Structures are given as structure tokens and as C-alpha cells.
Amino acid sequence: MNKITAAITAVGSYVPDFVLSNQVLETLVDTNDEWITTRTGIKERRLLKEEGKGTSFMAIKAAQNLLEKANLDPKDIDLVIMATATPDMPVASTGVYVATQIGATNAFAFDLQAACSSFLYGMSAASAYIASGKYKKVLLIGSDKMSSIIDYTDRATCIIFGDGAGAVLFEPNTEGLGLQDEILKSDGIGREFLKIEAGGSILPASEETVKNKQHFVFQDGKTVFKYAVSGMADVSEKIMQRNNLSHDDINWLVAHQANRRIIDATANRMGLDEAKVLINIQKYGNTTSATLPLLLSDFENQLKKGDNIIFAAFGGGFTWGAIYLKWAYTK
Ligand SMILES: CC(C)(COP(=O)(O)OP(=O)(O)OC[C@H]1O[C@@H](n2cnc3c(N)ncnc32)[C@H](O)[C@@H]1OP(=O)(O)O)[C@@H](O)C(=O)NCCC(=O)NCCS
């Protein structure tokens, strides 16, 4: 019998309608379009503004988009993995709620949190469940409402992040397509440089923590940038070498959209042509767990069966890694 690999067989996405442009940010903090564009590549981002709607709202929309496109009965889904750094609430699992809402009543579900690497780690987890032979349909959703944890008076963070969601379906493949190899890394040295200090078990919410703005993302951008550039480029180069892939063999780089300069540095190290680097950071900013599936969704029509794709991400913790995957279908 042929070895079972885990292939992506469907993609869906959702972004909120509200657009926050660089021009509007200029009126909120001391910044300007030229600085944001040259330092990050971001022009605008989407925000989920409606009161009472959270990460699950976008996750459900993205999953429903996938179900419709794939003509899939949600009852056939075995497992829902919800990659997110902004769950609806600290306890009850967002993924469980999402699974029930989309009608995946035969699935079990859980949340996976690895900051901006959540979706990449989720690809590894989804693929392992499929390769085990125990599960046939695993829905991996990446969704984050970053606007719920961003201080819109802090120019170091508010220019970067946006809200959005994407979903992919993993299924078994016996043609050798799907996930081929992965390098996943983490290092707790990163905790000091990118974090939300309060609201967890060390520093529970109090009047003091709210006053001190400790429920918002804090980022030492310069340090994170340094680690992100070397981390993402290192693993991407290594996974190419380990699989005897030259830059000619690679069709696409699907990299976490945190900063255009980090993506370019990774592509350069891999020796890749600009045309092979998928980019949509200008439209959405950094949507954390949603960047990779939003790229797949935006560029789905260009992907061909058998294409060699390198996925790469870097996030808080620190967490980072690269995945080599062979695309399984042509639209
Ligand atoms: C945040 C980030 C865009 C800042 O870019 P940078 O080139 O490192 O900028 P610096 O922080 O060194 O700041 C350079 C100058 O611009 C200023 N500046 C910072 N933010 C600014 C803004 N929004 N608008 C205008 N000026 C700004 C700084 O105060 C600094 O001024 P100074 O030189 O007078 O002190 C960049 O560090 C970054 O992208 N980091 C990694 C982010 C990331 O990947 N995060 C998520 C990981 S998943």
C-alpha cells in the first residue's frame, strides 16, 4: 500500500468589510503612509467592528466558504483545529463552538496557540492526524481578531495588525502529494519581546492592569524583526537543502505576512524570483493565524497540482518553522 500523506484539498476565507487605511492611521497616531509602506509593505488592514462578534464569527464564515466551495457535508469532518491567538474567551474552546456552529457534529475540536506560527503548527498537527490513518477529514482554521488586543494609540503595533480568517481541509493522499517535510522550532527567549502581559495566570486582570494597558500586545519590534529574519530564512533554506530542492524546483513561497522586508529576506536567502513569492500584506497587514490560508485563498487559482510550496512563519514565543508541501489540485 502507498504511504498516506496529508494533502490540502480545499480552501476558504473571510475578511471583514471595514478597511483601516494608512491615511486613517495618520489621524490616530504620529505616523505616515510613506513610513508604514517602506518599513512594512502594509497599505491597509481589515477590522471586525461589530460589537459582540469575535474570532469565531470570522472562523465560521471562512469555514462556511470552504464547505460551499468544496460542496462538503460538515458531518463528514472528523476534526476541527482552530489556530488562534485571540480566542473568543480564555475558557471555552473557540474551535468547539465553531465546529458546532458549522454543523461539524461528528468532529472533535480544539484550539492551538503558537502566536503567528499557530497555523503553521496546525498544518503539522492536521497532517499528523491524517497520516496516522485514524482521521480522513481535518479542517484547519486560522482566525484572529487582532483589533481586540491592539492599542490604537501605540504606533509600534497598531500599524501592523489586522483581522481575518482562512480555512483549509486536509485529506489523505496516496499519490505522494501534500505535506512532505517540516521543521518546527521554538525558543522561550522570545517571551520578553512580544507578549500580552496581563490577563493570564501570572498577572490576572485588575483595575491596575487595565489602567497600565497590559492587556494589549507589547512588541519590541527591532528585536522581533532581527530574530524573524534569521529564523525564517534559516529554516526555509534548511528545508530546501534537506529535500534537495533548488530555487528552480520551488513554485511558491507562502510566508507569514508580518513585514514585507522579512519575507523579502527569506526569499533572497532561498534564491527565489519575486514572482514566486505570494504577497497580500498590503491589503490585510499581519492577521496572525490567518496569513497563510488567506494567501492560499487569494492565489488559489494560480496553484497547480504538483507545485512545490514552501510555507514559512515566525511568531511570538518565539515560534517558527517551515513546511514543504506539494499542492494537490488545479482549479
Ligand atoms: C515594527 C517595525 C515595523 C518597526 O520598524 P523598524 O524599522 O524596526 O523601526 P524602529 O522600531 O527601529 O523605529 C525606527 C524609527 O521610526 C519610529 N517609528 C516607530 N514606529 C513608527 C510609526 N508607526 N510611524 C512612524 N515612525 C515610527 C521610531 O520611533 C524610530 O524613531 P527614532 O529612530 O527617532 O528612534 C519592525 O521592527 C517590524 O516589523 N518588526 C517585526 C514585527 C513582526 O514581525 N511582528 C510579529 C511577529 S509575528
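Definitions and limits used
- Residues numbered from 1 in each chain as written.
- Predicted model: local features only at pLDDT ≥ 70, side-chain atom pairs only at ≥ 80, totals over all residues.
- Heavy atoms only, no water.
- Phe/Tyr/Trp six-rings, centres within 6.5 Å; stacked < 30°, edge-to-face > 60°.
- Helix = DSSP H or I, 4+ residues; strand = E, 2+ residues; numbered from the N terminus.
- Buried < 20%, exposed > 50% of the residue type's maximum accessible area, 1.4 Å probe, protein only.
- Lys NZ or Arg CZ within 6 Å of the ring centre and 35° of its normal.
- Pairing = 2+ DSSP bridges.
- Axes fitted to C-alpha atoms, helices over the stretch in contact; angles between N-to-C directions.
- Contact = heavy atoms within 4.5 Å.
- Domains from an automatic or database assignment.
- Buried area = accessible area lost by both parts, 1.4 Å probe.
- Salt bridge = Lys/Arg side-chain N within 4 Å of Asp/Glu carboxyl O.
- Near = heavy atom within 4 Å.
- Polar contact = N/O pair within 3.5 Å; in protein donor to acceptor, adjacent residues only side chain to side chain.
- Areas by Shrake-Rupley, 256 points an atom, 1.4 Å probe, with all protein chains shown as cover.

## Section: the packing of aromatic side chains
What characterises a pair of aromatic rings is the spacing of the ring centres plus the angle enclosed by the ring planes.
Phase 1: Applying the stated criterion across every chain yields a total of twelve aromatic pairs.
Phase 2: Relative to Phe318, the ring of Phe193 has its centre 6.2 Å away and its plane inclined at 15 degrees; by these criteria the two rings are stacked. One end of the pair, Phe193, is in the loop between strand 8 (178-186) and strand 9 (194-195); the other, Phe318, is in the loop between strand 12 (308-315) and strand 13 (319-326), with 125 residues separating them in the sequence.
Phase 3: On the basis of relative accessibility, which here comes to 21%, the residue Phe193 falls in the partly exposed class.
Phase 4: Ring-pair connections join several aromatic residues into one group, and the members of that group are Phe193, Tyr227, Phe314, Phe318 and Trp320.
Phase 5: In this arrangement the basic side chain of Lys49 is found over the ring face of Phe18, its NZ or CZ atom lying 4.8 Å from the centre.

## Some thoughts on the sheet that holds strand 8
Phase 1: The strand order 8-13-12-11 describes an open sheet built from four strands, whose pairing is mixed. The open sheet has two edge strands with one neighbour each: strand 8 and strand 11 (252-255). Along the sheet, successive strands turn relative to each other by an average axial angle of 15 degrees, direction set aside.
Phase 2: In terms of strand pairing, strand 12 meets strand 13 through eight bridges, oriented antiparallel. When the bridges of strand 13 are listed, Ala312 appears paired with Ala322.
Phase 3: This element, helix 5 (residues 118-131), spans strand 8, strand 12 and strand 13 of the sheet and lies at about 50 degrees to strand 13.
Phase 4: Strands in contact with helix 9 (residues 260-270) are strand 11 and strand 12; relative to strand 11, the strand with the most contacts, it is inclined by about 145 degrees.

## Focus on the domain arrangement of the protein
Phase 1: Domain annotation of the protein identifies domain 1 (5-178) and domain 2 (179-326).
Phase 2: Counting residues at the interface gives 57 residues for domain 1 and 49 residues for domain 2.
Phase 3: Together, the buried faces of domain 1 and domain 2 total about 3,900 Å²; carbon and sulfur atoms form 61% of this surface.
Phase 4: The interface formed by domain 1 and domain 2 includes three salt bridges.

## Examining the site of the ligand
Phase 1: Of all residues adjacent to the ligand, which total 23 residues, the nearest are Thr31, Arg39, Gln219, Lys222 and Asn259.
Phase 2: At 2.6 Å, a side-chain N or O of Thr31 approaches a nitrogen atom of the ligand.
Phase 3: Note that an oxygen atom of the ligand is positioned 2.8 Å from one of the side-chain N or O atoms of Arg155.
Phase 4: Against a free-state accessible area of 960 Å², the protein chains account for coverage of 74% of the ligand.
Phase 5: The set of elements that each furnish at least two residues to the shell around the ligand consists of helix 2 (33-40), helix 8 (221-242), helix 9 and strand 12.

## Quick notes on the sheet that holds strand 1 (residues 5-14)
Within a sheet, each strand pairs with its neighbour through backbone hydrogen bonds, oriented either parallel or antiparallel.
Phase 1: Taken in spatial order, the five strands line up as 1-7-6-4-5 in an open sheet, and their pairing is mixed. Two strands lie at the open edges of the sheet, namely strand 1 and strand 5 (108-112), each paired on one side alone. Shown here is a sheet whose adjacent strand axes are inclined to one another by a mean of 20 degrees, direction ignored.
Phase 2: Pairing analysis gives eight bridges linking strand 6 (residues 138-145) to strand 7 (residues 163-173), with the strands arranged antiparallel.

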